[in-house]
Amino acid sequence: MTRTAAYATPAADKPLRAHSIERRAPGAHDVQIEILYCGVCHSDLHTARNEWHNTQYPCVPGHEIVGRVTAVGSEVKQFKAHDTVGVGCMVDSCGHCRPCREGEENYCENGFTATYNGPMFGGENTYGGYSTQIVVDEKFVLRIRHTADLAAVAPLLCAGITTYSPLRHWNVGPGKKVGIVGLGGLGHMGVKLAHAMGAHVVLFTTSPNKEADAKRLGADEVVISKDSEQMSKHTGSFDFILNTVAAPHDLDAYLALLNRDGTMCLVGAPATPHPSPAVFNLIFKRRALAGSLIGGIRETQEMLDFCAERGIVSDIEMIAMRDINQAYERMLKSDVKYRFVIDMQTLKDEAKAA
Ligand code: NAP
Ligand code: ZN
């Protein structure tokens, strides 16, 4: 066991603060990783504040981890000391159910082990990336081929795969008109990835001041979603819409924009339900409303390699560990361009000084 510096929250209504946790010594199949950077996902905030009513405390969030291998177990084949690696939202799964055998551990029928808040599916508690090191089974460790900008690679581990997986599943590519709803952490990766896949990309935002950024990131058009006139110009025209919004909102306004057989996929996971969609919007054009949860390990590696080949990373604001509570407040106001990433050196320094 190794005593490890972390930031944790002891209860839903308390801020995150310095804390220490025990990490296991690496077993035969384990990789021990010094964490360099960790992205700040809106799911971290939902979980820290128990908005999904399943949080086990103390809670150490963080599932967009980039780090360096410091030690490997005797049976580890794919990684060695000094490799640059990533860890996303999962650290284990049953390995034998059908989704696991098909490489979709994110849909494990026995519940994968989440990188933090493991009991989400009934296991023991796990502690995430707001910490200086982590030990993970090599099956859940990703190879990072980017050679620069490692801090900006971290958000690919959740925001990247959560948008890449549905864009691939619904065959986004040249000739397709694709909407991305919300320009936050997930949304800005959705815009970059859909653009890189060759689609015509339309960004829907509630924030008029994000228009120029959206175009720079790869959007062909920007629609201010509160403006019904702008919205109605796109009625019945989308093949696919990826909705990343973290709050309940009217889904009908978007369903009406899908063409016949078009699909809107929800990845945003608000604390309270959306108003139900109107049936007629769906049945008249055989439209579909769907959902998607992160992505499997094989697809996460594919996404990382896709991004490394094209030089795609996240647009980030680097913060010190002690600034995390303030970062959560800004995230709630959609005031982040477009992902906070924690420089873990700041936690190492803080722990050394204490
Ligand atoms: P984020 O950075 O806070 O971005 C969310 C964006 O939604 C905001 O930037 C804003 O964009 C828009 N928005 C916020 N409140 C809104 C409202 N009331 N009405 C309309 N639009 C609003 O969050 P994130 O990290 O991208 O995460 C987004 C959601 O996805 C969260 O619920 C998170 O838990 C969930 N998530 C799901 C998965 C999965 O596997 N399905 C994985 C990771 C995260 P504009 O300013 O452009 O309007
Ligand atoms: Zn996430």
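Just so you know, these numbers come straight off a predicted model, no measurement behind them.

### Considering the site of ligand 1
The immediate surroundings of ligand 1 are formed by 29 residues, with T205, T206, S207, K210 and R339 found nearest. Within the side chain of S43, a nitrogen or oxygen atom sits 2.8 Å from an oxygen atom of ligand 1. Between ligand 1 and the protein, one listed contact pairs an oxygen atom with a backbone N or O atom of A269 at 3.0 Å. Protein coverage of the free-state accessible area of ligand 1, which is 920 Å², stands at 88%.

### Remarks on unusual backbone geometry
With an omega of -5°, the peptide bond between Y57 and P58 qualifies as cis. In this fold, P58 is placed in the loop between helix 1 (42–48) and strand 4 (65–72). K337 connects to Y338 through a cis peptide bond whose omega is -20°. By the secondary structure assignment, Y338 is in the loop between helix 11 (324–332) and strand 17 (339–343). Backbone geometry places N117, a non-glycine residue, at a positive phi of 55°.

### Brief notes about the coordination of the zinc ion (ligand 2)
Around the zinc ion (ligand 2), the protein contributes the donor atoms C41 (SG), H63 (NE2) and C158 (SG), at 2.0 to 2.3 Å from the metal centre. One chain supplies every donor to the zinc ion (ligand 2), and in sequence these donors are spaced C-x21-H-x94-C. Of the two residues, C41 is situated in the loop between strand 3 (30–40) and helix 1 and H63 in the loop between helix 1 and strand 4; the sequence distance between them amounts to 22 residues.

### Observations concerning a nonpolar patch on the surface
Among the surface-exposed residues, V279, F280, I283 and F284 lie close enough to one another that they form a single nonpolar patch of about 490 Å² accessible area. Looking at the element boundaries, V279 is found in helix 9 (residues 279–283).

### Section: the pattern of salt bridges
In total, this model carries 23 salt bridges according to the counting rule given. With a closest N to O distance of 2.8 Å, R145 and D305 form a salt bridge. In this pair, R145 sits in the loop between strand 9 (142–143) and helix 3 (150–153) while D305 sits in helix 10 (residues 297–310), placing the two residues 160 residues apart along the sequence. Here R216 makes a salt bridge to D315, at a shortest N to O gap of 3.1 Å. Of this pair, R216 sits in helix 6 (residues 211–217) while D315 sits in the loop between helix 10 and strand 16 (316–320); the two residues are 99 residues apart in sequence, bridging distant segments of the chain.

### Re the sheet that holds strand 15 (residues 288–291)
Sheet architecture is open: six strands sit in the order 12-11-10-13-14-15, paired in parallel fashion. At either margin of the open sheet sits one strand with a lone partner, and together these are strand 12 (221–224) and strand 15. Each adjacent strand pair in this sheet contributes to an overall mean axis angle of 20°, direction not counted. Where strand 10 (residues 177–181) meets strand 13 (residues 238–243), four bridges bridge the pair, whose relative direction is parallel. Its bridge partner lying in strand 13, V178 is registered against F240. Strands in contact with helix 4 (residues 159–169) are strand 10, strand 13 and strand 14 (258–266); relative to strand 13, the strand with the most contacts, it is inclined by about 160°.

### Structural notes on the environment of T47
Checked against the element boundaries, T47 lands in helix 1. In this view, T47 contacts W52, T55, Y57, C59, Y116 and N117; residues no more than four positions away in its chain are not counted.

### Notes on the packing of aromatic side chains
Overall, the coordinates contain five aromatic pairs when judged by the stated rule. Ring plane angle 50° and centroid distance 5.5 Å describe the contact between F204 and F238, whose orientation is recorded as tilted. Taken together, the residues span a long stretch of sequence, with F204 in strand 11 (residues 200–205) and F238 in strand 13 at a distance of 34 residues. You can call F204 buried: its relative accessible area is 1%. On the numbers, 5.3 Å between centres and 85° between planes, the contact of F204 with Y254 is edge-to-face. Residue F204 is located in strand 11, and its partner Y254 is located in helix 8 (residues 252–255); the two are separated by 50 residues in the primary sequence. For Y254, a relative accessible area of 6% gives the class buried. Here the aromatic cluster, defined as three or more aromatic residues joined through ring pairs, consists of F204, F238 and Y254. Its end group placed over the ring of F238, K177 keeps NZ or CZ at 4.6 Å from the ring centre. Residue placement shows R310 over the ring face of F306; its charged tip is 3.7 Å from the ring centre.

Scoring rules and cut-offs
Residues numbered from 1 in each chain as written. Chains lettered and ligands numbered in written order. Predicted model: local features only at pLDDT ≥ 70, side-chain atom pairs only at ≥ 80, totals over all residues. Heavy atoms only, no water. Near = heavy atom within 4 Å. Polar contact = N/O pair within 3.5 Å; in protein donor to acceptor, adjacent residues only side chain to side chain. Areas by Shrake-Rupley, 256 points an atom, 1.4 Å probe, with all protein chains shown as cover. Helix = DSSP H or I, 4+ residues; strand = E, 2+ residues; numbered from the N terminus. Donors = N, O, S within 2.8 Å, 3.2 Å for Na, K, Ca; no water. Patch = residues over 30% accessible without salt bridge, like charges linked within 9 Å, V, L, I, M, F, W, Y side chains within 5 Å. Salt bridge = Lys/Arg side-chain N within 4 Å of Asp/Glu carboxyl O. Pairing = 2+ DSSP bridges. Axes fitted to C-alpha atoms, helices over the stretch in contact; angles between N-to-C directions. Contact = heavy atoms within 4.5 Å. Phe/Tyr/Trp six-rings, centres within 6.5 Å; stacked < 30°, edge-to-face > 60°. Buried < 20%, exposed > 50% of the residue type's maximum accessible area, 1.4 Å probe, protein only. Lys NZ or Arg CZ within 6 Å of the ring centre and 35° of its normal.

Keep in mind these values describe shape, not function.
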